[in-house]
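A closer look at the structure
Each chain is listed here by its residues.
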Amino acid sequence: LQNKEYVCRGHDYERLEAFQQRMLSEFPQAIAMQHPNHPDDSILQCDAQYLQIYAVTPIPENIDVLQMDRVPDRIKSFYRVNNIRKFRYDRPFHKGPKDKENEFKSLWIERTTLTLTHSLPGISRWFEVERRELVEVSPLENAIQVVENKNQELRTLISQYQHKQMHGNINLLSMCLNGVIDAAVNGGIARYQEAFFDKDYITKHPGDAEKITQLKELMQEQVHVLGVGLAVHEKFVHPEMRPLHKKLIDQFQMMRSSLYH
């Protein structure tokens, strides 16, 4: 097992801390490393046992299935976490001077992609990593991915309520809408606007024009998706939660006008 990496599928609903304790009980002499950075030579070549455990995100291979509108959400959720051979881990870092007013301007992502010998889950719940690749994601590319992922999350949740897959309790939708709209008003995509739609940034990065357009389109799409989400929310919201719904509508109007501006 020395100097090898594995991706392991934990037990259902198992927290990372519980998984870590389970592994440490199997290797009682091991020292748990408290950071996910790649170990240096002093650790790789020493006689002591070290265990480094961190969470990774599956990268689905059946992208076509996930993008089809007619495929039910339950099938999509299966393909998001099964038959997976690639996983990734993101480490945020700042390159150059950090802007105290808007940290998104210098927030880069160091993305490590792990490829396994076999797809998970298989006959075993864990397989060895056969290849690791490391790339740096620019602040603008990171912003595009964050907004795109949030749009996807919102669409999936709204669809579940529209197709009566989630009954009665509207709390999950309330929390999700509130999280996006509140962040957009008090920071969030407003910070992206300041960072990347600024004349100064556009002048310094002429090669980013296409990506800036893509980010603008994703933001406009988010406004549309939120509008649909609020219409669904109004239909199912409990009378006691009406004040929250009104607050969401008011904040949404502010967000939409600032975006169009």
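Residues numbered from 1 in each chain as written. Predicted model: local features only at pLDDT ≥ 70, side-chain atom pairs only at ≥ 80, totals over all residues. Heavy atoms only, no water.

1. Let's talk about the pattern of salt bridges
Under the definition given, this model contains 17 salt bridges. In this structure, Arg 131 engages Glu 133 in a salt bridge whose closest nitrogen and oxygen atoms are separated by 3.4 Å. Note that Asp 250 and Lys 246 form a salt bridge whose closest N and O atoms lie 3.0 Å from each other. In this pair, Asp 250 and Lys 246 are both assigned in helix H10 (residues 242-260), four residues apart and thus about one turn of the helix distant. Exposure remark for Asp 250: the relative accessible area of 38% places this residue in the partly exposed category. The exposed category is assigned to Lys 246, whose relative accessible area is 53%. One network of salt bridges, with partners in common, ties together Arg 88, Asp 90 and Arg 111. (Salt bridge = Lys/Arg side-chain N within 4 Å of Asp/Glu carboxyl O. Helix = DSSP H or I, 4+ residues; strand = E, 2+ residues; numbered from the N terminus. Buried < 20%, exposed > 50% of the residue type's maximum accessible area, 1.4 Å probe, protein only.)

2. Digging into the domain arrangement of the protein chain
It is common to give the size of an interface as the accessible area that goes away when the parts come together. Annotation of the protein chain at the domain level lists domain 1 (6-58 + 84-135) and domain 2 (139-258). Summarising the inter-unit geometry, the C-alpha centres of domain 1 and domain 2 are found 30 Å apart. Taken together, the contact between domain 1 and domain 2 spans nine residues of the former and nine residues of the latter. Buried surface at the junction of domain 1 and domain 2, summed over both partners, amounts to about 790 Å²; 55% is from carbon and sulfur atoms. Ranking the residues of domain 1 by area buried against domain 2 places Asn 102, Phe 104 and Lys 105 at the top, with a combined share of 57%. At the junction of domain 1 and domain 2, the tally comes to zero salt bridges. Where domain 1 touches domain 2, the interface holds two residue pairs in polar contact (both at pLDDT 80 or more). In terms of residue class, the side of domain 1 that touches domain 2 is built from four nonpolar, two polar and three charged. (Domains from an automatic or database assignment. Contact = heavy atoms within 4.5 Å. Buried area = accessible area lost by both parts, 1.4 Å probe. Polar contact = N/O pair within 3.5 Å; in protein donor to acceptor, adjacent residues only side chain to side chain. Nonpolar A, V, L, I, M, F, W, Y, C, P; charged D, E, K, R; others polar.)

3. A short note on the packing of aromatic side chains
Tallying each qualifying case throughout the model produces six aromatic pairs. Look at Tyr 54 and Tyr 89: their rings are 4.9 Å apart centre to centre, the planes differ by 55 degrees, and that puts the pair in the tilted class. Pair noted here: Tyr 54 is in the loop between strand S3 (50-51) and strand S4 (57-59) and Tyr 89 is in strand S5 (residues 84-94), with a separation of 35 residues, a long-range link. The side chain of Lys 95 reaches across the aromatic face of Trp 108, ending 3.9 Å from its centre. (Phe/Tyr/Trp six-rings, centres within 6.5 Å; stacked < 30°, edge-to-face > 60°. Lys NZ or Arg CZ within 6 Å of the ring centre and 35° of its normal.)

4. Re the sheet that holds S4
With antiparallel pairing, five strands are arranged side by side in an open sheet as S1-S7-S6-S5-S4. Among the strands making up the open sheet, the edge pair consists of strand S1 (6-8) and S4. Within this sheet the neighbouring strands show an average axis-to-axis angle of 40 degrees, counted without direction. In this sheet, strand S7 (residues 126-137) lies alongside strand S6 (residues 107-120) in antiparallel orientation, the contact comprising eight bridges. Bridge assignment links Arg 111 to a residue of S7, and that residue is Val 135. (Pairing = 2+ DSSP bridges. Axes fitted to C-alpha atoms, helices over the stretch in contact; angles between N-to-C directions.)

5. Regarding the environment of Lys 211
One can find Lys 211 in helix H9 (residues 209-236). Note: C-alpha distance between Lys 211 and Glu 194 (17 residues apart in sequence) is 15 Å. When residues no more than four places from it in sequence are discounted, the contact partners of Lys 211 are Leu 140, Glu 141 and Ile 144.

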